[in-house]
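Here's the letter readout for the chains.
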Amino acid sequence: MSIFIDNRTRLLVQGITGRDGSFHAKQMIEYGTSVVGGVTPGKGGQKFEGAVPIFNTVSEAVAETGANATVIYVPPMFAADAMMEAADAGIPFIVCITEGVPVLDMTRVYSFVRDRGARLLGPNCPGLISPGKSKVGIIPGQICTPGPIGLVSRSGTLTYELVFQMTRANMGQTTCVGIGGDPINGTTFIDCLEAFEADPDTKAVVMIGEIGGNDEQEAARFVKEKMTKPVVGFIAGQTAPPGRRMGHAGAIISGSAGTAAEKMQAFEENGIAVAKRPIDVVQLLRQA
Amino acid sequence: MSIFIDNRTRLLVQGITGRDGSFHAKQMIEYGTSVVGGVTPGKGGQKFEGAVPIFNTVSEAVAETGANATVIYVPPMFAADAMMEAADAGIPFIVCITEGVPVLDMTRVYSFVRDRGARLLGPNCPGLISPGKSKVGIIPGQICTPGPIGLVSRSGTLTYELVFQMTRANMGQTTCVGIGGDPINGTTFIDCLEAFEADPDTKAVVMIGEIGGNDEQEAARFVKEKMTKPVVGFIAGQTAPPGRRMGHAGAIISGSAGTAAEKMQAFEENGIAVAKRPIDVVQLLRQA
Amino acid sequence: MNIHEYQAKDIFRNAGIPIPAGDVATTAADAEAIARKFGGTVVVKAQVHAGGRGKAGGVKLAKNPTEAREIAEGILELTIKGFRVEKVLITPAADIATEAYVGIIVDRASKRAVFMVSPAGGIDIEEVAAATPDKIMRLPVDPRYGLLSYKAMQMGFFLYPDLKQARAAAKIMQQLYQAFITSGASLAEINPLVTTPGGDVQALDAKMVVDDNELDRRPDVAALRDESSEAPSEVDARNANLTFIKLDGNVGCVVNGAGLAMATMDLVKYYGGEPANFLDIGGSSNPEKVVSALRIITSDPSVKAILFNIFGGITRTDDVANGIVTATRQNPLTVPIVIRLTGTNEEIALKILQENGFSAMTDMDEAVKKAVALATGKAA
Amino acid sequence: MNIHEYQAKDIFRNAGIPIPAGDVATTAADAEAIARKFGGTVVVKAQVHAGGRGKAGGVKLAKNPTEAREIAEGILELTIKGFRVEKVLITPAADIATEAYVGIIVDRASKRAVFMVSPAGGIDIEEVAAATPDKIMRLPVDPRYGLLSYKAMQMGFFLYPDLKQARAAAKIMQQLYQAFITSGASLAEINPLVTTPGGDVQALDAKMVVDDNELDRRPDVAALRDESSEAPSEVDARNANLTFIKLDGNVGCVVNGAGLAMATMDLVKYYGGEPANFLDIGGSSNPEKVVSALRIITSDPSVKAILFNIFGGITRTDDVANGIVTATRQNPLTVPIVIRLTGTNEEIALKILQENGFSAMTDMDEAVKKAVALATGKAA
């Protein structure tokens, strides 16, 4: 088992003929993801790589292909519209890779998507992968391997680093999820923890946080109250100076709220083993 | 029993110090309605008629009085805001008497109120009365008498006429509801029919329609499919010329849709006895 | 409130919709001058609040300025569906490749503004709906989000397979939605939306109906009202805050409330009469309104009897009685009057009427029967 | 993106918010002239992207034009929290009856724009939150409806018991929300919102932070950026599409991805070093970005060793390798470099580096340890 995506995932790619979209569509197909269609307005009727049908609109694509998931690689100013189009077409799982989506757009998208009962992952996230089953997004497939660990992270390349170290240590993954670091995103740590708790194949969970906000603190309380499976945590940004943005909007420290120290303390107080270094995650998982 | 309002109704009056609001607040209090508070911005802390506390905002009023219904008499340009304020304050039953509310305002209000699970009656309606228990709105109390008939109508004074004739003929009412004639309103014929069907004291229902739209036709189908109680119907506007507005926005005939003939036919086909004249309603109720 | 094509075009143009030039003329000479300015063939279109202008001879091509003058002269003498033509719009004749239809209306069922678009434009959309319903796309707009881009593109692709044209149409629909919302409209329509042989998408006609309830907060829109294009009695009624519609019968009706007014008219017909009008004096009453109502009704020579049917709720029947007394003092009646009133302050009203020589009834059916008998000359 | 007080005031004024006059000076002489124009006592305020200007001596009263010149001269020489003062805003001193606080921020938890208002204004809102939390009202705004009138009035009454002032404040909050939305802001603040002895409600200060992601579609807002008020290295980095923050250490870091960059800095510290910067070369890679990154890092004299930590995903490690080779050919390094890379096109990257005399590692911990040792002069 795995969470959110598996062998039955039938994926659309919105922006399939763009630079990023076409590159990653190929990567996903190579990995074995069932990419059933693409969407690029004006290219309806054509085929991507001679095989995947392209549609002008998401609703046409859903009607023709029975897609049950979509991944979005469109420019930031069009990403909000793409997410809403997907939700309106009835797609239950929407992954938005696009970085740089205006946060006020997301306030609207969040309401829209929630009212339609869809799950949104992202935006500004690397997507997710259920090793050996399906990959949606941009996480490099070769660094993952199937196994019993669930991983959820706010980060991109730091996620790869952790997965890479786990795979080198022979600790495979059920699903690795990057939820993205934007101030408003569709899926939270808690959503993923809940799903991992319910997934019988997941035996332990790695949670990778960052400075800024208090999602990690809330997730820690959730772990204590609702989870039976062991959780190992890591927080990036212990050396970040207060009040500065560190690369993406998620990473802001304002005053005392959202520091790495605060988050690590919340982890410890709620029974989450805290890794000091990324490599310590592997050791802590062994002890879990 | 009755529908929507009864002895337990605790009513707010929004616009209680205005011309219409103060007049009808007195009338409602005289009738015996439990008017627990009023709202007029800037007059918070004062008392209406020396007894009813006035508040600046609906949320304060609800917190202080435990109101479970509200009736709105504010000018048309402020009515949409008043309805949303009431819904946001958690009031489950909102009656808007105000005439002349822009229909585009109502497209927003409708979504807002529905998302909060409140029932809206109106706008541009006379309100409702459960004779002997509670009156909310402007239906003259003295023309009503308690009894087993439920009445629902799109009209104002035509409703009074019908109720008057029923009362003269000794046919009392459980509840008389005026849903209003605007293109977009909160409570439909079907909502009321459903409630009357569920009300054990209501033995028969009178439904008074008008030209325009197809709400009566849909209500007729509902009667056939879902109702066990007899329904008597009347439609105003048999002599109305096509394509002209007859006084309020509800009464438009466009082409073949929404004529009185069409509606009367729908009534007959679905087992609703059709009164040719208002007075015939009484006769048909006797036979029902 | 209806506005003219040329006024709707100004609003649409301001919203960014591409619309060919056009100028309004009130005389044949002006029409000729405008046609000369544009050069080439022009279209002369009657500006009246009525559909089917083309069939009524109100839309014609003119090949040169002289012909434009002659045609304008003819059209300016027309009366279309009861509306006198006071203005014509002159536009250069366009080369048309395709004609589509785009409209927005407020829809009772979905409780939203709904787009209706069809690639089969240029003709009555009801005809398209009847003949080829699959050529119409209906799309409700969530007022909380407005017309989202992907929805506009869905409609754009429904009209045009070409990406460039679909995008142009999508943009026009977003602009039309903006114009619709900011004008407080209940209907906005482009028929036809055309493509030119060069591939451009343009609006050749424009129609808009504004929600009367919006006018108080939109003085700029309210200023577009053209009273010269309405029946004088209806203008008079509106200025007196009455709702009045002239009909062909002989029983003049004064009623409070639209539903009761219609039911009263129906009962007039039921008892063998013909209503001369619909007239609703509305909820809040004052004697002035009644005076205005009587003035309007008595100015219609076909009225042979007057019927008041008042059920007092908010309306105070004593206000109505006072209005009747005042009005008939000013202008004594030349036709018989039947007064039915009941409800709020009924006793006071009856006393006022009696003191002034009027009698009143409380039963609606009896009152209507009597009025019909008086109008038709038969005994009641 | 931060904008200056005077720029935010212009935006708020355009939205209709009442704000007393004010003019910007870049020289003491200009300040004097402006003070003379206004007459009477004026306030001279440093225009820098930093809070706590008052405490830092950046806000002062001047009783006459001569004093305004002297004060402006002093303030224009200040550096506040690392920002040099290049401009001062001169405004007439206002008579103040009460001071309130009004702000909007985008809130992660409610996923909405949230108003925070308090009748205790004029001081840092964090202090109010700590000392008297019940004096703060928080109100999330549903983006689909905007700030509805009744919500604005709730806040208005929370600030002022007087109806007129509550209405004025409510209107200002609706205008502030409009300004916030149309500017693509992530924060907008009025502190203080004052009442005058005469009872008027006015904004005396203005602050706005714009979401960088909005700038592409709002060129008018983007044009407000004042590069003279930012650190040159950060301007350089932004123009090269890098995210760079200068810190106080000696290990220069070049990393792809913000999370990995922070984890790398943390690891530098863990092994006893101090990072000299945060630098994220972002997702999509190209050699040019790497060249810019090396230029920025090597221009910092405190950097004693450079650490590359690249995990190739979208970023192609061969792009990074090529960038390193190009940059070091242009400007030979004077400090040691440690390169860790793994992931996409790793083999090609290693080959490029080897051919050009660089060695590379694949283990993050080993690479960090080595860089720290080189920077501190100890053997790794």
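**Focus on the side chain of Asp105 of chain B**
Relative to the helices and strands, Asp105 of chain B resides in helix H4 (residues 103-115). The class of Asp105 of chain B is buried, set by a relative accessible area of 14%. Once you skip the residues sitting within four places of it in the chain, Asp105 of chain B turns out to touch Ala80 of chain B together with Arg217 of chain C.

**Some words on the domain arrangement of chain A**
Residues and elements named next belong to chain A. Considered domain by domain, chain A is made up of domain 1 (10-121) and domain 2 (139-287). Taking the mean C-alpha position of each, domain 1 and domain 2 sit 26 Å from one another. Contact with domain 1, which involves nine residues of that partner, is made by eleven residues of domain 2. Between domain 1 and domain 2 lies a buried interface of about 840 Å² when both sides are counted; carbon and sulfur atoms form 63% of it. If you look at where domain 1 meets domain 2, you find one salt bridge.

**Some thoughts on the interface of chain D and chain B**
Contact residues are listed per partner, giving ten residues for chain D and 13 residues for chain B. Both sides of the chain D and chain B interface together cover about 1,100 Å² of buried area, and 57% of this is carbon and sulfur. The largest share of the area that chain D buries against chain B comes from Tyr145, Tyr150 and Phe157 of chain D, three residues that together contribute 57% of it. Taken together, the connections running from chain D to chain B amount to one salt bridge. Among the salt bridges present, the one from Asp88 of chain B reaches Lys151 of chain D, with a minimum N-O distance of 3.7 Å. The interface formed by chain D and chain B includes five residue pairs in polar contact (both at pLDDT 80 or more). The element contributing the most residues to the side of chain D that touches chain B is helix H5 (residues 149-159) of chain D, with six residues. Among the residues forming the side of chain D that touches chain B, the class breakdown is six nonpolar, two polar and two charged.

**Structural notes on the nonpolar core**
With 98 residues, the main nonpolar core has Val13, Val71, Val95, Val152, Leu193, Met207 and Leu285 of chain B as its most contacted residues. Top element by residues in this core is helix H9 (residues 258-270) of chain C. It accounts for eight residues. Filtering out sequence-adjacent residues up to four positions away, Val95 of chain B remains in contact with Thr70, Val71, Ile72, Leu121, Cys125, Gly127, Leu128 and Val136 of chain B. Judged by nonpolar contacts, the second largest core, of 96 residues, contains Ile129, Ile139 and Ile179 of chain A together with Ala371 of chain D.

**Points about unusual backbone geometry**
Following Gly122 of chain A, the chain continues into Pro123 of chain A via a peptide bond in cis, with omega recorded as 10 degrees. In this fold, Pro123 of chain A is placed in the loop between strand E7 (119-121) and strand E8 (127-130). In this chain, Asn191 of chain C is followed by Pro192 of chain C through a cis amide linkage whose omega measures 15 degrees. Relative to the elements of secondary structure, Pro192 of chain C occurs in strand E10 (residues 185-195). Of note in the backbone geometry, Phe4 of chain A takes a positive phi value of approximately 70 degrees without being a glycine. Assignment of secondary structure puts Phe4 of chain A in the segment before strand E1 (10-14). Accessibility expressed as a relative area gives 26% for Phe4 of chain A, which makes it partly exposed.

**A closer look at the packing of aromatic side chains**
The full count for this structure, using the stated rule, is 14 aromatic pairs over all chains. Ring geometry for Tyr270 of chain C against Tyr271 of chain C: centres 5.1 Å apart, planes inclined by 90 degrees, an arrangement best described as edge-to-face. When the ring centre of Phe112 of chain A is taken as reference, the NZ or CZ atom of Arg116 of chain A above it lies at 3.5 Å.

**Quick word on the environment of Thr239 of chain A**
Within the fold, Thr239 of chain A resides in the loop between strand E13 (231-236) and helix H8 (260-269). Thr239 of chain A has contacts with Met262, Met265, Asp266 and Lys269 of chain D, leaving out every residue within four places of it along the chain.

**A look at the pattern of salt bridges**
Within the structure shown, the criterion is met by 81 salt bridges over all chains. Lys45 of chain D is paired through a salt bridge with Glu5 of chain D; the nearest N and O atoms lie 2.7 Å apart. Residue Lys45 of chain D is found in strand E2 (residues 42-46), and its partner Glu5 of chain D is found in helix H1 (residues 5-14); the two are separated by 40 residues along the sequence. This pair shows no difference in class: Lys45 of chain D is buried, exactly as Glu5 of chain D is. Through salt bridges that share partners, Arg114 and Asp115 of chain A together with Arg112, Asp142 and Arg144 of chain D make up one connected network.

**With respect to empty space enclosed by the protein**
According to the stated counting rule, one finds one cavity of 30 Å³ or more in the structure shown. A volume near 40 Å³ is recorded for the largest cavity. Lining the largest cavity are Phe112 and Arg116 of chain A together with Pro140, Val141, Asp142, Tyr145, Gly146, Leu148 and Lys151 of chain C. Considered class by class, the residues forming the lining of the largest cavity number five nonpolar, one polar and three charged.

**Focus: helix H11 (residues 317-330) of chain C**
Residues and elements named next belong to chain C. End to end, H11 covers 20 Å across 14 residues, agreeing with the expected 20 Å (1.5 Å per residue, within 8%). Of all 14 residues in H11, ten are buried, a share of seventy percent or more. Listed in full, the buried residues belonging to H11 are Thr317, Asp318, Asp319, Val320, Ala321, Gly323, Ile324, Val325, Ala327 and Thr328. Residues of H11 that are buried make contact with helix H10 (287-298), strand E16 (305-312), strand E17 (337-343) and helix H12 (346-355).

**A few points about the state of the cysteines**
Residues and elements named next belong to chain B. Applying the stated criterion to the full structure yields zero disulfides over all chains. A disulfide-free cysteine, Cys96 has its sulfur positioned 7.2 Å from the sulfur of Cys125, the nearest such atom. Cys96 sits in the buried class, given a relative accessible area of 0%. For Cys176, which is in no disulfide, the shortest distance to another cysteine sulfur is to Cys144 and amounts to 4.7 Å.

**Side note on the sheet that holds strand E2 (residues 34-39) of chain A**
Residues and elements named next belong to chain A. Strands sit in the order E3-E4-E2-E1-E5-E6-E7 across an open sheet of seven strands; the sheet is mixed. Sheet topology places strand E3 (47-48) and E7 at the edges, where each strand pairs with a single neighbour. With three bridges connecting them, strand E5 (residues 69-72) and strand E6 (residues 93-96) associate as parallel partners. Note on E6: the bridge partner recorded for Ile72 is Cys96. Across the sheet, helix H3 (residues 76-88) is in contact with E1, E5, E6 and E7; its angle to E6 comes to roughly 170 degrees.

**Here we look at the interface of chain B and chain C**
Many structure descriptions define interface size as the accessible area lost when the parts assemble. If you look at the interface, chain B gives 56 residues, while chain C gives 47 residues. Interface of chain B and chain C: buried area, both sides summed, is about 4,200 Å²; carbon and sulfur atoms make up 59% of it. Counting across the interface, chain B meets chain C through six salt bridges. Here Asp215 of chain B makes a salt bridge to Arg108 of chain C, at a shortest N to O gap of 3.8 Å. Linking chain B to chain C there are twelve residue pairs in polar contact (both at pLDDT 80 or more). Elements with a contribution of two residues or more to the side of chain B that touches chain C: helix H1 (19-31), H4, helix H5 (157-168) and strand E13 (231-236) of chain B. Here the side of chain B that touches chain C is composed, by residue class, of 24 nonpolar, 16 polar and 16 charged.

Definitions and limits used
Residues numbered from 1 in each chain as written. Chains lettered and ligands numbered in written order. Predicted model: local features only at pLDDT ≥ 70, side-chain atom pairs only at ≥ 80, totals over all residues. Heavy atoms only, no water. Helix = DSSP H or I, 4+ residues; strand = E, 2+ residues; numbered from the N terminus. Buried < 20%, exposed > 50% of the residue type's maximum accessible area, 1.4 Å probe, protein only. Contact = heavy atoms within 4.5 Å. Domains from an automatic or database assignment. Buried area = accessible area lost by both parts, 1.4 Å probe. Salt bridge = Lys/Arg side-chain N within 4 Å of Asp/Glu carboxyl O. Polar contact = N/O pair within 3.5 Å; in protein donor to acceptor, adjacent residues only side chain to side chain. Nonpolar A, V, L, I, M, F, W, Y, C, P; charged D, E, K, R; others polar. Core = buried A, V, L, I, M, F, W, Y, C linked by side-chain atoms within 4.5 Å. Phe/Tyr/Trp six-rings, centres within 6.5 Å; stacked < 30°, edge-to-face > 60°. Lys NZ or Arg CZ within 6 Å of the ring centre and 35° of its normal. 1 Å grid on protein atoms, 1.4 Å probe; cavity = no way out; pocket = protein on both sides within 12 Å on 5 of 7 lines; lining within 4 Å. Points joined across faces, edges and corners; volume = space filled by probe spheres on them. Expected span 1.5 Å × (residues − 1). Disulfide = S-S within 2.5 Å. Pairing = 2+ DSSP bridges. Axes fitted to C-alpha atoms, helices over the stretch in contact; angles between N-to-C directions.

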